[in-house]
Every structure is written in structure tokens, then in C-alpha cells.
Amino acid sequence: LLDTILQNLNTLNDADFTQVADSFPQPYLTVSKPDYLVPFNLPLVLVPPESDIELDGVATNTEEAAQIKKDEWPEYYLRLFDNEITPDPNTPAGYAVRTALVDTLAIFEVNRKDCARLLLEYPKWTFPGAFKPKPGASAEVEPIPGPNWQLESTLLEIILGTLLILPESPHKSIFYISLITELCKLSPSTVGPAVGKSIRKLYGLLLEGLDVEAARRFAEWFSIHMSNFGFQWVWKEWILKTLPEAMQAPEAQVVPEQAPGPFYIYEDSTNPHHDTAQGVLNLFRGRAKAEDVIDHVQRLRENLEPAEDAPATVDATVRSIVIQSLLSIGSRSFSHLLNAIERYLPLLRAEAALGGGSESKAGILTSSNLFWKYNPHMVGIVFDKLMQYQIVDPNDVVGWTFANGAGLAPGFISAFEWDFIRGALDKANGRVLIARRKVTALRKEEDDTRARAKASANESMEVDADTKPEEEMTVDNPALTTALKALDSLTLEQKSGLLRTLEGFVTLLSAANPHVQAVITEAAWVERANWTEDEWSAWETWAWYRQFCRAYSPYLREYAQTLYTVSFSQIEASTEPAAELLKKIWRAAVESS
């Protein structure tokens, strides 16, 4: 983006800025300058500090608190159409139009309806001839010479280009998705065709190696957009022409064996633990007290005998029955799920703490994944709620994902596994941010209290000169002490989550897996049309490693020395292509500042 700015400034400078009139509206030229206007000096203005400056100084010890500020990575906007259809950012006029529209998105992010209306009215506020007249415009109006770009295609290209900025978009994805929906509602006859062209173009880019994070956001937008408009689409044409090619793409998944509903393994009457599970399920249905269910589960552990053909222990079997039965009660809706978890929090925490906790928490995650194995999206939602209620930790989710995954591509990381990892890391980072803000607020409160006490003491000294000044308060604030301890604990959890993620990727991508080694060469990419599913999965795992380093670089850089020493110790001296690529991507992330 910076290169584009410099290129356009040089273009204007070389032409002695004669192209300004063709790039920017100049309404002031039509107004005569009054004789009484004289220049005047503006007063000094103090600009308030950035909001995140208040976090400075919360913890300055080395590797104690990752920086919150996001990196300013180079921005690359995706082009979907030719220069004759949408503005070319490498020209002064194109750059001016695109930046004005991007700024409109940023300013009106708080109100998508007003944003959509203003975007469709934008031709009124730019230079004449920038866009084609609206269909049905008066024929008496003579066309104005100019680029005559297509407004709707321009809007879609800019909105989607901003949505797909890496490593993350400026605003939440749902803003851009809902904005496109509003545009379609305001002008369906003109925006609809532009949406269809954009979808086809992006789908075609999947075969060209579209970044997996961009592909994930595209899939998210496409699915929500289809849902908002009743899944109306030219399905016959899509299936005949587009789908066969798209199935070769890395994001193509095998068609699931059944609809994405719950899978309650104890529903089958032939299951040896069917009757036992029905007893637990009936307790949940009858809204029995958590204490009563805990007592019932304890009796099951004492009396239950494991099935002869099942290697699971009695504890694992009972835990599976409890989790699956509870999720069955909560499978009707999100509110049912939350109510079930909240009602039986003591039961869930007791199950998580059993046997030291680590194995039990992994068992809870495994049972949850099995229950929603036909709907990985719901698995992510359940994992998020389990972390929210502190039944499992983010590190448990990260470790479980690399060890087990969603079962779609064993030994690799797909978009579903990445969602689990991303959700866990964001949860840990969010907790640290909240803890830091609490520490900041308590320190400010303590400073204000001490300042008032000192001011009061000074007033007393003025009244009675013989009074000796009291020593400054040195007693620690109990609330602040507790907050600092919580911050240290959460920071350690954050660091551990990043470490387990990095170790997981290094283990997968440096292993003696022929597919991992085979997909990283240019020659292999040329032959990608002949890749097997395992090779596409290996390529996708590499891409998610790149996204991990890219998206979490501020945190990785803060703990760089420790993370590198622990995670790369086994491949530090290796010159294998996979090991070299792992270290190269890592260095690009931590040395980018």
C-alpha cells in the first residue's frame, strides 16, 4: 500500500499535478474568493493520547506481558475485476476513489445501513465521469467523459478486499458481511450481479492458492450470504461448471456421511451402557440438583463394569456418559446448552478435576467432539463455552487439537482445527488484556487515594506546624495484589498456549512425513492438479502455521527467545527443506518490526 502511495505521488509530481482535477473533486474552484478573507493562525491543539497508552507500564519485566498493539503489516488489496471495471489503485484517480471508499467503511462501521446508503450515493461526491450512470437515468443527461467504472463491482471489490486483508481485517467480519447484505437490499438488481461475479472469481482463486485464512473468510461470507437470501443461487450452472473444478482445491472437503446433527452414541439400544446412560439422561431431563447427579455418578463409578471389548476405563466411560447426556439436553439451542452447563457446573468441574485434571479435561473435549462430530462448528462453540466457564483451559484445547483434531484430516491441521486453536489463543489473550486493564484501573485508583491523603496531610501541617509529616503509605492494596497475581497467572497461561501451538506445528511439519516435505517446492506446486488429499492437507497445515506466526507475531516476539529455544531445539541444526522453511517463517514473524 505504501508503494502505491509513493507511485501515485510521483506520477502527480511528474505531471506537475495537472491530473489533480481528474482525480479529486474541486468544488471550491466554482466559488469566487471574497476580498475580505485574510489568513490567520490556528491556535495550538493538544491531541489526546491513544487509548492503549494507558496499558504502558503495567508490567515491564521481560517476558511478563505481551504487547497489545497489533503490527502494521503491509496491506495488499485483492483485485477481482479489470481496470476498466473497477479503479486501478496504481493511478491517482483510482487511488483517490478507493481510499475514499475505504475511509467510508472505517467511519461508518458503527452503522451499516447508513454506510450502505452513502456508498451507493458516492458518485455524487467524486469527480464527474468516475462511474457509469445508474440504469434508468435520464437520457437527456449527456455522458461525461471519464473512467466510467461500475459502482457496484467497485464496492464489492473494495469491501471484500478489506475483509480479506491479512493477517486480520480492520473490523469484524460480520460488519462487511452485513454491509453487503444491506447493499443487496437497497439495490438488488445492480448489486446482485456484482455479488455473483465476485463469488465466482474468489472460488476460482482457490485453485491458484488463495491464502487459507482468506479462503476461510470467503467461505464464512458465502455461507452467511446464502442463508440471508434463502440459498437462492444458480445451482444447476454451479454444479455443472464450477463445483468439479473447486473440488480439486485445498479447501474441498469430503461430503459428510449424514446431516450435521448431534451423535448420541448411547441412544443405540445395543450399546452396553445404554441403560446406564438413560438413567443419567433422565436425571438431566428432570432437572435434578447437581449434588444429586454427582452422587449418582459416583455410585456408577463404584458399580459399573467396563465392556469387554472397550479399552476405556470406568472413569472414562462414566465421563463420556455424563458429557454426552448433558450435551444431548443442550443440543436443542444455544440457550439450552448454556442453561445445561450453568445448572451442572459443579458436576462438570468435578469431572474435570478427576484424576489430576489433564486426562479428564481431554476426555471431556473428546466426548464433546464425538457428540458433534458431524458439525465441527458446534464443536468450536462447545469448546468456547467450556473455556468460558473454566471447565477446561485454553492450553487443554490447544493440546487436544494437535493430539486428536476434529478427525477430518488426521495428522494435519484443517480449517476446523485452526478454529479451535484460534479460539483458545484468543481466549487466553483476551483474559490477559482484561487483567491488565483491571491492574491499570486499580493502580490509578491507588495513586488517586495516595494523592488525596498527601494533600490532606499537607493541609494539616499548615494548621499545626509542630505536626511531623506522616510517612507515605507503603501498605499494599489487597485488591491490587490479587489482580497482579491473577495477571501473572494468566500471562503464564498465555505464554504456555503459544508454546504448545508452536510446538504442535513444528512437530507436525518437521516429522518424517513425505507429504509435508513434498508440497513446499515450486516444482510440486506446478503439479498441484495431481495432488492427493493428504498432500493438500499438508499444504493447508503449512498455510495455517504461516497464519499463526502472522496473526500472533506481537505475542510471539515478546516471548521469542523462550519459544524458539524450546520449540526449535530438535531442528535447530537441521538443513532439511521443511526445517529451513519452519525457521524462515518464524524469523519473518518475530523480526518484522
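First things first, this report covers the structure right here in the doc.

## What to know about unusual backbone geometry
Going from L166 to P167, the amide bond is cis rather than trans, its omega being 10°. Within the secondary structure layout, P167 lies in the loop between α4 (151–163) and α5 (173–186). Even without being a glycine, Q390 presents a positive backbone phi close to 55°. Along the chain, Q390 turns up in the loop between α15 (376–388) and α16 (394–403).

## A short note on the pattern of salt bridges
Summed over the entire model, instances satisfying the criterion amount to 23 salt bridges. Across the salt bridge formed by E213 and R216, the nearest N and O atoms sit 2.8 Å from each other. Of the two residues, E213 and R216 are both situated in helix α7 (residues 212–228); the distance of 3 residues between them amounts to about one turn of the helix. Residue classification places R216 among the buried residues on the basis of a relative accessible area of 15%. Between E580 and K583 there is a salt bridge, and its shortest N-O distance comes to 3.6 Å. With E580 and K583 both in helix α24 (residues 577–590) and 3 residues apart, this pair spans about one turn of that helix.

## With respect to helix α10 (residues 290–303)
The periodicity of an α-helix, 3.6 residues per turn, causes residues three or four positions apart to be oriented the same way. An ideal rise of 1.5 Å per residue puts 20 Å on 14 residues; α10 measures up with 20 Å between its terminal C-alpha atoms. Inspection of α10 places A290, V293, V297, L300 and R301 among the buried residues, and these make up the whole buried set. Axial view of α10: buried residues confined to an arc of 100°, hence all on one face. Set apart from the buried face of α10 by more than 90 degrees, the exposed residues are E302 and N303.

## A short note on the packing of α10 against helix α13 (residues 345–353)
Where α10 meets α13, the axes come as close as 8 Å, and the angle between the chain directions of the two elements is 35°. For the pair formed by α10 and α13, the contact residues are A290, V293, I294, V297 and R301 on the first element and P346, L347 and E351 on the second. Residue composition of the contact of α10 with α13, by class: 6 nonpolar, no polar and 2 charged.

## Comments concerning helix α2 (residues 92–107)
Between its first and last C-alpha, α2 extends 22 Å over 16 residues, near the 22 Å set by a 1.5 Å rise per residue. Looking at α2, one finds that the buried residues are P92, A93, G94, Y95, A96, V97, R98, L101, T104 and L105. In the core, the buried residues of α2 are packed alongside α1 (2–14), α3 (112–120), α4 and α5.

Definitions and cut-offs
- Residues numbered from 1 in each chain as written.
- Predicted model: local features only at pLDDT ≥ 70, side-chain atom pairs only at ≥ 80, totals over all residues.
- Heavy atoms only, no water.
- Helix = DSSP H or I, 4+ residues; strand = E, 2+ residues; numbered from the N terminus.
- Salt bridge = Lys/Arg side-chain N within 4 Å of Asp/Glu carboxyl O.
- Buried < 20%, exposed > 50% of the residue type's maximum accessible area, 1.4 Å probe, protein only.
- Expected span 1.5 Å × (residues − 1).
- Arc of directions from axis to C-beta.
- Axes fitted to C-alpha atoms, helices over the stretch in contact; angles between N-to-C directions.
- Contact = heavy atoms within 4.5 Å.
- Nonpolar A, V, L, I, M, F, W, Y, C, P; charged D, E, K, R; others polar.

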